[in-house]
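Structural overview for review
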Amino acid sequence: MTLRLGVNIDHVATVRNARGVGYPDPVRAALLAAETGADGITAHLREDRRHITDADIAALSEQLTVPLNLEMAATDEMLAIALRHRPHAACIVPEKREELTTEGGLDAHALHNRLAPMVAELGAARVRVSLFIEPSAVQVAAAVRLGVPVVELHTGRYAELDGAARAAELRRLADAAALATKNGIEVHAGHGLTYDNVAPIAAIPQVRELNIGHFLIGEALFVGLGEAVRRMRDAMDAAR
Ligand code: PXP
């Protein structure tokens, strides 16, 4: 089965917002990524709008020729925005204002009652709902109870660890991917992935999509975004 690459363009907006000007344009980056091997584009509209803005989501919704995956917190404001734009997919993530990036997965078990109506409303609007969860049996079971079509497994811990600890985390990811698939849930993965650590994740047979951002935008400084996306695609395909 093919492995899709979703390119997260949040940090193009981070660079733009550092100066409060109109460039670099995340939509231009998204279009280039799509031309050079991205199967989809991911953007996280954070509550504090520190990178992607409402106008970016509107422009991406209008101009993209590949599916948009909107990352969003489980709030009423974000639900209304998602229902307005109806992206191909919405990935519900935990969000804390003070964090540098999404730290840890969504506790889909504890948040069941908050998530259930959101999952239902997004599903009714034909938005493919994904939950960004830790690779644990408890979280996969919670996703099954919520009836979501997709989970995205958080690879942040895997990316930070090394040696035996990384190998153990990789097993947790593989086990969670197998359990989700057995229950009819499509599996995506992402966070902290680079050329050097992507292969073992890409080789998990049940994983259908990887969402990768920060590394690619950094690498683009040296080789250009198109080339960075192409190389990541090659690394993923080689591991498959
Ligand atoms: N997937 C999700 C749900 C995320 O929140 C993020 C970070 O915004 C990513 C993937 C991409 O992570 P990174 O930028 O570290 O590649």
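Data block above holds the structure.
Since the structure is predicted, the reported quantities are computational estimates derived from the model, not experimental observations.

**Digging into the pairing of strand β8 (residues 207–212)**
With five of six residues buried, β8 is to be regarded as a mostly interior element. Pairing of strand β1 (residues 4–8) with β8, which is carried by four bridges, proceeds in the parallel orientation. Along β8, the bridge assignment pairs G6 with N211. The sheet contact formed by strand β7 (residues 186–190) and β8 spans four bridges and is parallel.

**A word on the site of the ligand**
E71, E152, G192, G213 and H214 are the nearest of the 13 residues found near the ligand. Here an oxygen atom of the ligand sits 2.8 Å away from a polar atom, N or O, in the side chain of E71. Within the backbone of H214, one N or O atom sits 2.8 Å away from an oxygen atom of the ligand. Here the ligand, which alone exposes 390 Å², has 95% of that area covered by the protein.

**Focus on the pattern of salt bridges**
Opposite charge on two side chains lets them pair, provided their charged atoms get close. Tallied over the entire structure, the rule returns 14 salt bridges. Of the charged contacts in the structure, one is a salt bridge between D48 and R50, with a shortest N-O distance of 3.1 Å. Residue classification places D48 among the partly exposed positions, given a relative accessible area of 30%. D54 serves as the salt-bridge partner of R49, at 2.6 Å between the closest nitrogen and oxygen. Residue classification places D54 among the partly exposed positions, given a relative accessible area of 34%. The network of salt bridges with common partners includes R4, R128, E186 and E209.

**Some thoughts on the nonpolar core**
Ranked by size, the top nonpolar core spans 72 residues in total, and within it I9, I41, L131 and L210 carry the most contacts. Tallying contributions element by element places helix α11 (residues 225–239) first for this core, with five residues. With sequence-adjacent residues up to four places away left out, L131 is seen in contact with I92, L106, A108, A143, L146, V148, V150, V151 and E152.

**Topic: helix α1 (residues 10–17)**
For α1, the set of buried residues is D10, V12, A13 and R16. Burial along α1 is one-sided: seen end-on, the buried residues are contained in an arc of 160°. Buried residues in α1 make contact with β1, α2 (26–35), β2 (40–44), α3 (54–63) and α10 (214–223).

**Some points on the sheet that holds β8**
Strands sit in the order β1-β2-β3-β4-β5-β6-β7-β8 around a closed barrel of eight strands; the barrel is parallel. Each strand axis lies, on average, 25° off the axis of its neighbour in the sheet, ignoring direction. Where β1 and β2 come together, three bridges link them in parallel fashion. Counterpart to N8 in the pairing with β2 is T42. Packed on one face of the sheet, helix α8 (residues 163–182) meets β6 (150–154), β7 and β8 and runs near 175° to β6.

The rules behind each value
- Residues numbered from 1 in each chain as written.
- Predicted model: local features only at pLDDT ≥ 70, side-chain atom pairs only at ≥ 80, totals over all residues.
- Heavy atoms only, no water.
- Buried < 20%, exposed > 50% of the residue type's maximum accessible area, 1.4 Å probe, protein only.
- Helix = DSSP H or I, 4+ residues; strand = E, 2+ residues; numbered from the N terminus.
- Pairing = 2+ DSSP bridges.
- Near = heavy atom within 4 Å.
- Polar contact = N/O pair within 3.5 Å; in protein donor to acceptor, adjacent residues only side chain to side chain.
- Areas by Shrake-Rupley, 256 points an atom, 1.4 Å probe, with all protein chains shown as cover.
- Salt bridge = Lys/Arg side-chain N within 4 Å of Asp/Glu carboxyl O.
- Core = buried A, V, L, I, M, F, W, Y, C linked by side-chain atoms within 4.5 Å.
- Contact = heavy atoms within 4.5 Å.
- Arc of directions from axis to C-beta.
- Axes fitted to C-alpha atoms, helices over the stretch in contact; angles between N-to-C directions.

The values reported here are purely geometric and, on their own, carry no functional implication.
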